[in-house]
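Read off the chains here:
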Amino acid sequence: MKFSTAGTVIIAAVCIAIASGSAQTATSSPSVQEPAAQPTPQDQQPKGQVIFSRSTDENGQVSTHSSLPASQSGAQPAAKPSAEDTERQAVTFTDFDMDVRLQSAEQHLAVRALITVRNDSKTPLAHIPLQLSSSLNWERIRINGKDTVFPVATLNSDADHTGQLHEAAVPLSQPLAPAASLQLDVTYSGSIAPSAHRLLVIGTPEDVALHSDWDEIGVPFTGLRGFGNVVWYPVSSVPVLLGDGARLFDEIGEHKLRLAGGHFRLRLTVEFPHGRAPTVALINGHPAALTVAEASGPDQAQEAAGVATTSLDGAVLGFEAPSLFVAIRTQRTVTNTTVWALPEDEAAVQAWTTAATAVTPFLEGWLGQQPRSQLTLLDLPDPQDAPFETGALLATAIHPANPDQLDGILAHALTHAWMQSPRAWLSEGVAHFMGTLWVEKQRGRDQALGTLEASRSALALVEPQSPGESPGQPLAAAISPVYYRTKATYAFWMLRDVAGDPTLSAALRAYDPAADVSTQDASLGFGGGAGPSPFEKLLEQAGARRDLSWFFADWVDADKGLPDLNIEGIFPTAASAGNWLVAVNVANAGYASAEVPVTVRSDTNSVTERVLVPAHGKAVQRVLIQGKPIEVQVNDGTIPETQASVHLTKLDGPSGTSSSSSSPQP
């Protein structure tokens, strides 16, 4: 490729806030760009096709050239959408084959993609709803090599940082039958600049809003976090607003779940100003090696552009939203961790790498000697920018911090380098579990249990009172963080006590995400009717081959709410040689079974036994202890309950009368 000054060819945490509101349809029509020049249609992958060309003359005027006649443009502005929510929910994306072109200096994105969708509803679909950020415009959509004419409407939806989406309703000559799939050839483009509109309209302070919605295309930094932040790839979603409770975050989780198991390929071309070549590219959290071509020589004008290319082939999506990062950063590598930092943050890099080194032996002891990948730390442009995590990538400000803070952050983040699963409750649950185990290691068990208790009330609030009142969210198909993080962390604490540290560690080491995917049809995703996780079998095989079906039935494969335990009676009996036999009656008013620790204490001793209390059932545990019993405790905070997670009974007087209390772990 040749570069010239007169004819450069361009190849082209959301801040949670509560406010009243509901998703609405805007009446204004989106702007529609002139269609892009398309290569000859192909049934297979597009290989380095030029989507459009743009030239700059001697006066600095930029013009776009297209060989496609304007009369063939398929996008037609529409005053209101023609798709229904049931149709949007029916569309599942099973394959992305994308050719992405960034013009970083102009914050411009151009994409041609082959996407495959499946009808997951029970009725035929007459058209396919496809959505993009309102800063992007649909240009051309083809089916079976033929152009289609499609209406484009603007939806109010906070799934994008602009607060709006451009929705194309693609008509089909023949309805798409249930379970049938269809490939579409789509072209779109536009500019992506920072926008905090959705947060500003609900009253978020401007500085907080901009540090939360930092997605943009730029020369020193491009960050596109995907659905829920900026919709830079085609989606089909129900429009939701931040002020409508937790609906937006449930929609984000639903989007990730429906993508899990899908195939993803991307070829990336980045045009950059002379001397400003990017040094790192990350696609869906995975490092992608850049090939840089830049004009050189004494006669070369300084404003001439260079091109960097990379690709990601044959990837299978997990519980994630596709993301794209390109930046100019300096690399620093230590064991299991690669840091890409700004020059001004170089002094802080040492603290982060030291923390990574400090927690590595702990993770090796639990998860194995070798992680499945390196952890990547990407320095965000501003120290106040909200962190973002996907897989083994943590995008965060590399700022100075005390070792205790960094050790906890790295214990969680590095776990993702070891434990990579398409199932959110395994990927996120294990990372949060290891974070609490690190707290236990450094500051004691009470502090770790206190961390669990801090999030229990939120979990109890969303859990159904009974399975008949609400389906809840089984961990295997959870879409809300309170389930796949909070409840999953509790699940691993319970499995630790039920199976033992060595057994749980052996199962985590033996877990193979590729084998987990292969147990399902990858195109069907995970959860719903996908069946139980193979992790259950790993646990049973790693230990004493205990039957754990009751645990996975009540806690993973279905959501039966939380147990509701109570000490119904305590019966101490004096035995020989100063020993006492204490019978403890435990009742469970909840719908989930639980194996709970029962602890009996005397002045000099403490004995703990475990008992399985069935749902809506009772159990008796007999404990032999040296010395007269003075206190009985059921549950120690490791099992989440609807009201409390610790039950204490003080034994008063020689007759063995008692008074009970129930309180959470401090």
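Scroll up to find the structure.
A few points on the structure. (Residues numbered from 1 in each chain as written. Predicted model: local features only at pLDDT ≥ 70, side-chain atom pairs only at ≥ 80, totals over all residues. Heavy atoms only, no water.)

Thoughts on the nonpolar core
Nonpolar side chains in soluble globular proteins tend to end up buried together. For clarity, the threshold we go by: Think of a nonpolar core as a cluster: buried Ala, Val, Leu, Ile, Met, Phe, Trp, Tyr and Cys residues, connected wherever their side-chain atoms sit within 4.5 Å. Summary of the burial criterion: residues with accessible area below 20% of their type's maximum are buried, those above 50% are exposed, and those between are partly exposed, where the area comes from a 1.4 Å probe applied to protein chains only. Strands here mean DSSP runs of E at least two residues long; helices mean DSSP runs of H or I at least four residues long; both are numbered from the N terminus. The contact criterion used is simple: two residues touch if any of their non-hydrogen atoms lie within 4.5 Å.
Counting residues in hydrophobic clusters, the biggest one holds 90 residues, and the most contacted among them are F492 and F535. Per-element tally for this core: the top contributor is helix 9 (residues 481-499), with eleven residues. Filtering out sequence-adjacent residues up to four positions away, F535 remains in contact with W425, L426, F492, L495, L504, A507, L508, Y511 and F552. By size, the runner-up hydrophobic cluster in this structure holds 67 residues, among which are M98, W138, I283 and L317.

Comments concerning the pairing of strand 12 (residues 221-224)
Rules: Following DSSP output, two strands are said to pair if at least two bridges run between them.
The two faces of strand 12 match: F221 and G223 on one face and T222 and L224 on the other face are all buried. Note: strand 12 against strand 18 (residues 324-327), four bridges, orientation antiparallel. By the bridge assignment, F221 is partnered in strand 18 with A327.

Description of the pairing of strand 26 (residues 594-602)
Among the nine residues of strand 26, eight are classified as buried, and the element is accordingly described as predominantly covered. Pairing geometry for strand 26 and strand 27 (residues 606-613), over eight bridges, is antiparallel. Along strand 27, the bridge assignment pairs P597 with R610. The pairing of strand 26 with strand 29 (residues 629-636) spans five bridges and is classified as antiparallel. Bridge assignment links V600 to a residue of strand 29, and that residue is V632.

Concerning the sheet that holds strand 19 (residues 330-334)
Under the convention used in this document: Lines are fitted to the C-alpha atoms to define the axes, a helix being fitted only along its stretch in contact, and any angle between axes, read from their N-to-C directions, falls within 0 to 180 degrees.
The sheet built from five strands is open, its strands ordered 19-20-21-23-22 with mixed pairing. Only two strands of the sheet have a single neighbouring strand rather than two, namely strand 19 and strand 22 (388-390). When strand polarity is set aside, the average angle formed by the axes of neighbouring strands in this sheet is 15°. In this structure, strand 20 (residues 337-341) lies alongside strand 21 (residues 375-379), joined through four bridges in parallel fashion. Bridge assignment links T337 to a residue of strand 21, and that residue is L375. Relative to the sheet, helix 5 (residues 346-367) contacts strand 19, strand 20, strand 21 and strand 23 (393-396), its axis offset from that of strand 19 by approximately 25°. The strands that helix 6 (residues 403-418) touches are strand 20, strand 21, strand 22 and strand 23; relative to strand 21, the one it contacts most, it runs at about 125°.

Section: the packing of aromatic side chains
The cut-off we apply is this: Two aromatic rings from Phe, Tyr or Trp, using only the six-membered ring of Trp, form a pair when their centres are within 6.5 Å; if the ring planes differ by under 30 degrees the pair is stacked, by over 60 it is edge-to-face, and anything between is tilted. Here, a charge over a ring means that NZ of Lys or CZ of Arg falls within 6 Å of the ring centre while also lying within 35 degrees of the ring normal.
Per the stated rule, a full pass over the model turns up 22 aromatic pairs. Judged by centre distance (5.1 Å) and plane angle (70°), the ring pair of F319 and Y484 falls under edge-to-face. Residue F319 is located in the loop between strand 17 (306-316) and strand 18, and its partner Y484 is located in helix 9; the two are separated by 165 residues in the primary sequence. For the pair F319 and Y484, one class covers both residues: buried. Taken together through their ring pairs, the aromatic side chains of W366, W425, F433, F492, W493, Y511, F535, W550, F551, F552 and W555 make up a single cluster. Here the guanidinium or amino end of R225 rests over the ring plane of W214, the centre of that ring lying 3.8 Å away. Between the NZ or CZ atom of R496 and the centre of the ring of W493, over which it lies, the distance is 5.1 Å.

Observations concerning the environment of V91
With respect to the element layout, V91 can be found in strand 4 (residues 91-103). Ignoring any residue separated from it by four or fewer positions in sequence, one finds V91 in contact with V117, R118, L125, I128, P129, S236 and R258.

As for the environment of S237
Our working definition: Polar contacts, as used here, are pairs of N or O atoms within 3.5 Å; protein pairs need one atom able to donate a hydrogen and one able to accept it. Residues neighboring in sequence count only if both atoms are side-chain atoms.
With respect to the element layout, S237 can be found in the loop between strand 12 and helix 4 (247-259). Look past the residues within four positions of S237 in its chain and what remains in contact with it is R88, Q131, L165, F227 and E251. For S237, the side chain forms a polar contact with the side chain of Q131, separated by 2.8 Å.

Description of helix 5
At 3.6 residues per turn, the α-helix brings residues three or four places apart onto the same side. Our working definition: Multiplying 1.5 Å by the helix residue count minus one yields the expected span of that helix. Here the bend at each residue means the angle between axes fitted to two seven-residue stretches, the one ending at that residue and the one beginning there.
Its 22 residues place the ends of helix 5 30 Å apart at the C-alpha level, agreeing with the 32 Å of an ideal helix rising 1.5 Å per residue. The largest bend in helix 5 is about 35°, located at T360, with the proline P361 one to four residues further on. Immediately downstream of helix 5, the backbone of G368 shows phi near 115°, a positive value.

Remarks on the pattern of salt bridges
Note on pairing: side chains with opposite charge can pair once their charged atoms come close. Rule in force here: Take a side-chain nitrogen of Lys or Arg and a carboxyl oxygen of Asp or Glu: if they are within 4 Å of each other, that pair is a salt bridge.
Under the counting rule described, the total for this entry stands at 30 salt bridges. Ionic pairing is found between R88 and D85, a salt bridge with its closest N-O pair at 2.6 Å. Linking R88 with D85, this pair stays in helix 1 (residues 85-90), spanning three residues, or about one helical turn. Look at D85 and you get partly exposed, because its relative accessible area is 34%. E167 serves as the salt-bridge partner of R88, at 2.7 Å between the closest nitrogen and oxygen. A residue pair is termed long-range when its members are at least 10 positions apart, and R88 in helix 1 and E167 in strand 10 (residues 164-176) qualify at 79 residues. Each of the two residues, R88 as well as E167, counts as buried.

Some details on empty space enclosed by the protein
Heads up, the rule is: Using only the protein atoms, space was sampled on a 1 Å grid; points where a 1.4 Å probe fits but cannot get out form cavities, open sets with protein on both sides within 12 Å along at least five of seven lines form pockets, and lining residues are those with an atom within 4 Å of a point. Grid points are joined across faces, edges and corners, and a volume is the space filled by probe spheres set on the points. Each residue gets one label: Ala, Val, Leu, Ile, Met, Phe, Trp, Tyr, Cys and Pro are nonpolar, Asp, Glu, Lys and Arg are charged, and the others, such as Gly, are polar.
Looking at the largest cavity, its volume works out to about 50 Å³. As for the largest cavity, its lining consists of L102, S104, G218, V219, T222, V270, F272, P278 and V326. Size it by volume and the second largest cavity reaches roughly 30 Å³. Along the walls of the second largest cavity sit M494, V498, W550, F551, W555, S593, A594 and E595, which together make up its complete lining. Those elements giving two or more residues to the lining of the second largest cavity turn out to be helix 9, helix 13 (549-555) and strand 26. Top element by residues in the lining of the second largest cavity is helix 13. It accounts for three residues. Looking at the lining of the second largest cavity, its residues break down into six nonpolar, one polar and one charged.

Focus on the layout of surface pockets
Approximately 270 Å³ is the volume attributed to the second largest pocket. Forming the boundary of the second largest pocket are 18 residues, of which S236, E251, E254, H255 and R258 lie nearest the centre. Sorting the residues of the lining of the second largest pocket by element identifies helix 1, strand 4 and helix 4 as the ones contributing at least two each.

Concerning the sheet that holds strand 11 (residues 181-191)
Taken together, the eight strands give an open sheet; going across it, the order is 8-7-11-5-4-13-17-16, and neighbouring strands pair in mixed fashion. Strands with a single pairing partner mark the edges of an open sheet, and in this sheet they are strand 8 (146-147) and strand 16 (291-293). Pairing geometry for strand 13 (residues 263-272) and strand 17, over nine bridges, is antiparallel. Residue pairing in the sheet places R267 in a bridge with S311 of strand 17.

Brief notes about the packing of helix 6 against helix 7 (residues 424-443)
The test is simple: Crossing handedness follows the turn of the near helix against the far one: under a right angle anticlockwise gives a left-handed crossing, and clockwise gives a right-handed one.
Contact pair helix 6 / helix 7: the axes reach a minimum separation of 8 Å and the direction vectors enclose 150°. Every pair of crossing elements has a handedness; the one defined by helix 6 and helix 7 is right-handed. Judged by residue contacts, D407, G408, A411, H412, T415 and H416 of helix 6 engage S427, E428, V430, A431, H432, M434 and W438 from helix 7. Classifying every residue of the contact of helix 6 with helix 7 by side-chain character gives five nonpolar, six polar and two charged.

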